[in-house]
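Residue-level structural notes
Spelled out, the chains give:
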Amino acid sequence: AQSVTQPDIHITVSEGASLELRCNYSYGATPYLFWYVQSPGQGLQLLLKYFSGDTLVQGIKGFEAEFKRSQSSFNLRKPSVHWSDAAEYFCAVGGGADGLTFGKGTHLIIQP
Amino acid sequence: DAGVIQSPRHEVTEMGQEVTLRCKPISGHDYLFWYRQTMMRGLELLIYFNNNVPIDDSGMPEDRFSAKMPNASFSTLKIQPSEPRDSAVYFCASSGQGVYNSPLHFGNGTRLTVT
């Protein structure tokens, strides 16, 4: 069965600093990979997705992610975070018949 | 485009009562998903529909849970009888081009509290 691990439950970053959120997945074939963001009291919003092709994908709000097959990873990055980036971030994997499987999320805290 | 609309936003009920959560997907979207979010288990897919037909309900925890989609613009998730362990945020999401080919558009969720 497919699975997603987000090893960091909480991450604290200073405003203006760079960010990397980790995501490792388990899937038997080439996966579909996603990053979603959730603001308090709201549903999830898609940041970016990877299906095939260029392993570095660009998303909204200045985010990017890199697919590394050898490491089964799909880490999310942003060169300079803003206070408005504080939220919960979810990595998700799909491709089989099970629908999308989400990680448990990483809570991002931005320090002024 | 109003997005995915869920109602109610909050529901507080007593153990044993029936609970019905409602969802209106984005017009034209063929796929509808119900997810449950808890601190312990994260986001869990309960069931999803394609063209109003349930495709995968393997995530439905037990027979107390049922979901219907009588038409393309409406779906319900029912819990009968409810139990305290059902307390969670329930999200409905829809997508237009399949399970993976297009993004999921989430509603704002229904926060269910069962006392």
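Counting of residues starts from 1 at the beginning of each chain's written sequence and follows it residue by residue. Ligands are numbered from 1 and chains lettered from A, in the order in which they are written. Local features in a predicted model are, by the rule used here, given only for residues with pLDDT of at least 70; side-chain atom pairs are given and counted only at 80 or more, and totals for whole chains, interfaces and linings are based on all residues. Where side-chain values are given, they derive from all heavy atoms of the structure, hydrogens and water being excluded.

1. Focus on the overall build of chain A
- From N to C terminus, chain A includes zero helices and 12 strands.
- Listed by position from the N terminus, the elements making up chain A come as β-β-β-β-β-β-β-β-β-β-β-β.
- Computed over C-alpha atoms, the radius of gyration of chain A comes to 13 Å, within 12% of the 13 Å expected from 2.2 N^0.38 for 112 residues, which places it in the range of a compact globule.
- Along the longest, intermediate and shortest principal axes, the C-alpha atoms of chain A span 40 × 30 × 20 Å.
- Only protein chains enter the accessibility calculation, which uses a 1.4 Å probe; a residue whose area is less than 20% of its type maximum is buried, one above 50% is exposed, and one in between is partly exposed. The burial tally for chain A puts 46% of its 112 residues in the buried class.
- Partitioning the intrachain contacts of chain A with sequence separation of at least 6 by distance along the chain shows that 54% fall at a separation of at least 24.
- Residue burial considers only the protein chains on display, and all accessible areas are found by Shrake-Rupley using a 1.4 Å probe. A total accessible area of about 5300 Å² is found for chain A, and carbon and sulfur atoms account for 49% of it. Only DSSP runs of H or I reaching four residues or more are called helices, and only runs of E reaching two or more are called strands; each is numbered from the N terminus. Put simply, the radius of gyration uses C-alpha atoms, and a globule should come to 2.2 Å times the residue count raised to 0.38. By definition in these notes, contact holds between two residues if any of their heavy atoms fall within 4.5 Å.

2. Concerning the state of the cysteines
All names here are of chain A.
- In what follows, a disulfide is any cysteine sulfur pair within 2.5 Å. All chains considered together, the criterion is met by two disulfides over all chains.
- Residue pairing for Cys 23: its cysteine sulfur links by disulfide to Cys 91, the two sulfurs lying 1.9 Å apart. On the sign convention where negative is left-handed, the bridge of Cys 23 and Cys 91, at about -65° about the S-S bond, is left-handed. Taken together, the residues span a long stretch of sequence, with Cys 23 in the loop between strand S3 (19–21) and strand S4 (24–26) and Cys 91 in strand S10 (residues 87–94) at a distance of 68 residues.

3. Details of the layout of surface pockets
- Buried and open spaces are told apart on a 1 Å grid over the protein atoms alone, a cavity being a set of points where a 1.4 Å probe fits but cannot get out and a pocket being an open set with protein on both sides within 12 Å along at least five of seven lines. Residues with an atom within 4 Å of a point are the lining residues. Grid points are joined across faces, edges and corners, and a volume is the space filled by probe spheres set on the points. A volume near 1200 Å³ is recorded for the largest pocket.
- Elements with a minimum of two residues in the lining of the largest pocket: strand S1 (3–5), S10, strand S11 (101–102) and strand S12 (106–111) of chain A together with strand S4 (31–38), strand S5 (42–50), strand S9 (88–95) and strand S11 (110–114) of chain B.
- Per element, the largest residue contribution to the lining of the largest pocket is five residues, and it comes from S5 of chain B.
- When residues are sorted by character, Ala, Val, Leu, Ile, Met, Phe, Trp, Tyr, Cys and Pro go into the nonpolar class, Asp, Glu, Lys and Arg into the charged class, and all the rest, Gly among them, into the polar class. Across the lining of the largest pocket, the residue classes break down as 19 nonpolar, 21 polar and nine charged.
- Taken as a whole, the second largest pocket holds about 180 Å³ of empty space.
- In terms of lining, the second largest pocket is formed by 13 residues, of which the most central are Val 37, Gln 42, Gly 43, Leu 44 and Gln 45 of chain A.
- Broken down by secondary-structure element, the contributors of at least two residues to the lining of the second largest pocket are strand S5 (32–38) and strand S6 (44–50) of chain A together with strand S10 (105–106) of chain B.
- Per element, the largest residue contribution to the lining of the second largest pocket is three residues, and it comes from S6 of chain A.

4. Observations concerning the interface of chain A and chain B
- The partner chain B presents 18 residues to the 21 residues of chain A that form the contact.
- Throughout, buried area stands for the accessible area (probe radius 1.4 Å) lost by two parts on being put together, summed over both. Summed over both partners, the interface of chain A with chain B comes to about 1600 Å²; 55% of that surface belongs to carbon and sulfur atoms.
- Under the rule applied, a polar contact is a pair of N or O atoms within 3.5 Å (in protein, one hydrogen donor and one hydrogen acceptor; residues adjacent in sequence only if both atoms are side-chain atoms). Linking chain A with chain B are six residue pairs in polar contact (both at pLDDT 80 or more).
- Going through the elements one at a time, S5, S6 and S10 of chain A are the ones with two or more residues in the side of chain A that touches chain B.
- Ranked by the residues each element gives to the side of chain A that touches chain B, the list is headed by S5 of chain A, at four residues.

5. Examining the packing of aromatic side chains
- Stacked, tilted and edge-to-face are the three classes applied to pairs of Phe, Tyr and Trp rings, where Trp contributes its six-membered ring and a pair requires centres within 6.5 Å; stacked means planes under 30 degrees apart, edge-to-face means over 60, and tilted covers the rest. What the rule picks out here adds up to 17 aromatic pairs over all chains.
- Ring centres 6.2 Å apart and planes at 80° place the aromatic pair Phe 102 of chain A and Phe 106 of chain B in the edge-to-face group. With one member in each of two chains, Phe 102 of chain A in strand S11 and Phe 106 of chain B in strand S10 form a pair that bridges those chains. By the burial criterion, Phe 102 of chain A is buried, and Phe 106 of chain B matches it.
- Taken together through their ring pairs, the aromatic side chains of Tyr 32, Phe 34, Tyr 36, Phe 51 and Phe 102 of chain A together with Tyr 31, Phe 33, Tyr 35, Tyr 48, Phe 91 and Phe 106 of chain B make up a single cluster.

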